[in-house]
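Fold and geometry: a report
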Amino acid sequence: MDELQLMARARFHAGAVAIRSGVKEHTYAELLDRSASLASELLGETDDLNEGRVAYLAPAGFDHISVQWAIWRAGGVAVPLSHSATEPELEYTITDSQSHCVIASRDCADKVEAICERLRLRLLIIEDVDNVSGQSLPVVTSGRRAMILYTSGTTSKPKGVVTTHDNIQSQIESLIEAWKWQPSDRIPLFLPLHHIHGIINVMSCALWSGATIAPFRNFDMTAILSRVADDAYTVFMAVPTIYVKLIQALESMADGERSRIVAGFARMRLMISGSAALPASVHEQWTSLTGQKLLERYGMTEIGMALSNPLGGERRPGTVGQPLPGVALRLSSEQGEPVTTEGEPGEIQVRGPGIFSEYWMRPEVTAESFQDGWFRTGDIAVQEDGYYRIMGRRSVDIIKSGGYKLSALEIEAALLEHAAIRECAVVGIPDDTWGEAVAVAAVLNDGEELDIEMLRSWSRERLSTYKIPKRLLVVDALPRNAMGKVTKPAVTTLF
Ligand code: MCA
Ligand code: AMP
């Protein structure tokens, strides 16, 4: 095949509206034309980027998608950057991925300009690229690397998760089949585009189907709710924190306004929650407010989506359903034995064509994360009456806050640079809105003082918003085990 399937499908839907933003519309044909021009600019004198990494930062919308497609069509590997990242975090992603070029929209360029100057990297401003025609683009086979997404884990620095075009295609096709995506679907896109919830589940599934995306720069609740009331969308995907915020907003509205919006939600064909546990109480509150039964699913950057409640059939609150098409899943005991008894917990392990190919430049970590060819997710689940229920994670160093996966170790490493802090332990503590909130117990250097506001304002320069501690407890000493290591479960009892 000469062309990646995503592009071939876009050609099939050429006249359809891919993106609708207010009164502005862009067709699939426009996306194909613009991405070809950008690809040719990226290629310059070369005929294939040969998996060279290209980092990019642009708000959700026509330019963003054109750039992602351009990188793929030029044979490169797409490295999306985070809008909420601080400069040191952006620099880490750009250097770790060894990106040779950064693309930015003009309004985002100031976030990457200094980094590009320091690293002597080419900075391409999207709006400066002219449209050209008749370019020749390379043949990109689907086994090639396509994307690197940075994810936090049990190492102090985020790791790059590499997926091939085949991996991405399998992840998309599984969801299209399970959730019956259609060309008539219309979906708002407000989730960040450096994680797969936004990139695969919303953006790529919609584009694969010939559906229409309504992009937002971020979760602009007022604008989104007004469009919901106008029946602008048929499908809605969000993280639990967003449903909590929506419930709070709807409950504080006047009756007339609320009933118009609730009616819009009620008419949607599908509403999905994922990225973190959806408390059964929130699930039930949403149903009693809107009549919609949320479909909860479970996934991970390394594997795409793995488990889902059914589209037709019982959507059970507090559970994540059954394996999605193309996903083989098993539970494994602490001893590494398969768990076959209902009600007995085990680690979720997954196999299938959607699983990532490697952690970028970390072969040992990649090897350690598989057991006999099964990817070890680190999440513990049980099966009850045929449905899986997530019980938690193997590592206390992984925190899920607002749908973002955070590494306690990364936050600790940053906080240890604070002059007042001698030692610290970061943990996630339960929070009604964020799922978990970042909390820190710290031992201070002699004579130093620190309160949460001082720590938060210091952290703003170094950490993304969602990594900034919400709670600080100054302690005389941290609890330790016999080996002298800080014991995290004991730290959680301090809060
Ligand atoms: C922001 N704030 C927080 C947090 N985030 N406080 C505590 N914990 C947090 N996590 C604070 C800010 O400091 C700020 O406070 C105020 O809240 C508003 O911040 P802002 O960023 O504007 O908040 P928001 O726009 O309301 O954002 C909330 C959000 C966002 C929309 C839920 O966090 C979001 O888009 N989350 C989705 C992440 C996602 O897509 N994850 C998927 C990963 P102040 O006003 O005092 O400054 S992929 C994945 O997980 C797998 C594969 C899967 O299964 O999907
Ligand atoms: P990420 O690395 O950002 O891809 O986050 C993946 C992690 O999010 C998983 O390993 C789970 O811990 C968590 N997760 C995703 N969906 C759910 C869900 N529905 N319920 C509980 N945890 C979830």
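Details of the structure are given in the entry above.
Residues numbered from 1 in each chain as written. Chains lettered and ligands numbered in written order. Predicted model: local features only at pLDDT ≥ 70, side-chain atom pairs only at ≥ 80, totals over all residues. Heavy atoms only, no water.

**Points about helix α10 (residues 255–267)**
For clarity, the threshold we go by: Numbering of helices and strands runs from the N terminus, with a helix taken as a DSSP run of H or I at least four residues long and a strand as a DSSP run of E at least two residues long. Here the expected length of a helix is defined as 1.5 Å per residue gap, with one fewer gap than residues. Throughout, exposure labels follow a simple rule: accessible area from a 1.4 Å probe, protein chains only, divided by the maximum for the residue type, with under 20% read as buried, over 50% as exposed, and the rest as partly exposed. Each direction from the helix axis to a C-beta atom contributes to the arc, which is the arc of those directions. In this description, contact between two residues means that some pair of their heavy atoms is separated by no more than 4.5 Å.
In this model α10 runs 18 Å from its N-terminal to its C-terminal C-alpha over 13 residues, within 8% of the 18 Å that 1.5 Å per residue would give. If you check which residues of α10 are buried, you get I261, V262, G264 and F265. Down the axis of α10, the sector holding all buried residues measures 155 degrees, keeping them to one side. Exposed residues lying more than 90 degrees from the buried face of α10 are D255 and R267. Where α10 is buried, its residues meet α8 (221–229), β11 (235–238), α9 (240–251), β12 (270–273) and α11 (280–290).

**Overview of a negative patch on the surface**
What counts here: Only residues above 30% relative accessible area that lack a salt bridge enter a patch, with like-charged residues linked at up to 9 Å and the nonpolar side chains Val, Leu, Ile, Met, Phe, Trp and Tyr linked at up to 5 Å. Note that accessible areas follow from Shrake-Rupley with a 1.4 Å probe, and for residues the cover is restricted to the protein chains shown. Any Lys or Arg side-chain nitrogen found within 4 Å of a carboxyl oxygen on Asp or Glu counts as a salt bridge. Here Asp and Glu are counted as negative and Lys and Arg as positive; His is not counted, and neither are the chain ends. For this purpose, a charge sits on NZ of Lys, CZ of Arg, CG of Asp or CD of Glu.
Among the surface-exposed residues, E448, E449, D451 and E453 lie close enough to one another that they form a single negatively charged patch. For E448, the location among the structural elements is in the loop between β26 (435–444) and α14 (452–459). E448 sits in the partly exposed class, given a relative accessible area of 36%.

**A look at the site of ligand 2**
To be explicit about the condition: Each residue is tested against the molecule or strand, and it is near if at least one of its non-hydrogen atoms lies within 4 Å. Pairs of N or O atoms are called polar contacts if they sit within 3.5 Å, as long as, within protein, a hydrogen donor faces a hydrogen acceptor (for residues adjacent in sequence, only side-chain-to-side-chain pairs).
As a structural note, the neighbourhood of ligand 2 is formed by 16 residues, with R297, T301, D379, K400 and K405 the closest of them. In this structure, E296 approaches ligand 2 through a side-chain N or O atom, which is 2.9 Å from a nitrogen atom. Side-chain polar atom of D379 to an oxygen atom of ligand 2: 2.5 Å apart, as the coordinates give it. In isolation ligand 2 offers 500 Å² of accessible surface; the protein chains occlude 94% of this area. Mapped by element, the contributors of at least two residues to the shell around ligand 2 are β13 (295–300) and β22 (387–393).

**With respect to the site of ligand 1**
This is how it is decided: Residue classes follow a fixed rule: Ala, Val, Leu, Ile, Met, Phe, Trp, Tyr, Cys and Pro count as nonpolar, while Asp, Glu, Lys and Arg count as charged, and any other residue, Gly among them, counts as polar.
Around ligand 1, the structure places 26 residues, and the nearest of them are S275, R297, K400, S401 and G402. For ligand 1, an oxygen atom lies 2.6 Å from a polar atom in the side chain of R297. At 2.6 Å from an oxygen atom of ligand 1 is found a side-chain nitrogen or oxygen belonging to K400. Of all the secondary-structure elements, those providing two or more residues to the shell around ligand 1 are α7 (196–209), α9, β13 and β23 (398–401). Residues of the shell around ligand 1, tallied by class, amount to eleven nonpolar, ten polar and five charged.

**Points about the packing of aromatic side chains**
Operational definition: Stacked, edge-to-face and tilted are the three classes for Phe, Tyr and Trp ring pairs, Trp counted by its six-membered ring, which pair at centre distances within 6.5 Å; planes under 30 degrees apart are stacked, over 60 edge-to-face, the rest tilted. In this scheme, Lys NZ or Arg CZ marks a charge over a ring once it lies within 6 Å of the ring centre and within 35 degrees of the ring normal.
The full count for this structure, using the stated rule, is twelve aromatic pairs. Judged by centre distance (5.3 Å) and plane angle (70 degrees), the rings of Y243 and W286 are edge-to-face. On the criterion of sequence distance, the pair formed by Y243 in helix α9 and W286 in helix α11 is long-range, its members being 43 residues apart. Residue class for Y243 comes out buried when judged on its relative accessible area of 0%. With relative accessibility at 0%, the residue W286 sits in the buried group. Centroid distance F356 to F370: 5.8 Å. Interplanar angle 20 degrees. Geometry classified as stacked. Of the two residues, F356 sits in the loop between β18 (346–351) and β19 (358–359) while F370 sits in strand β20 (residues 370–371), which places them 14 residues apart along the sequence. Taken together, the ring pairs connect F190, F219, F236, Y243, F265 and W286 into an aromatic cluster. Here the basic side chain of K157 rests over the ring of Y92, its NZ or CZ set 5.1 Å away from the ring centre. Above the face of the Y359 ring, K159 is positioned so that its terminal group lies 4.9 Å from the ring centre.

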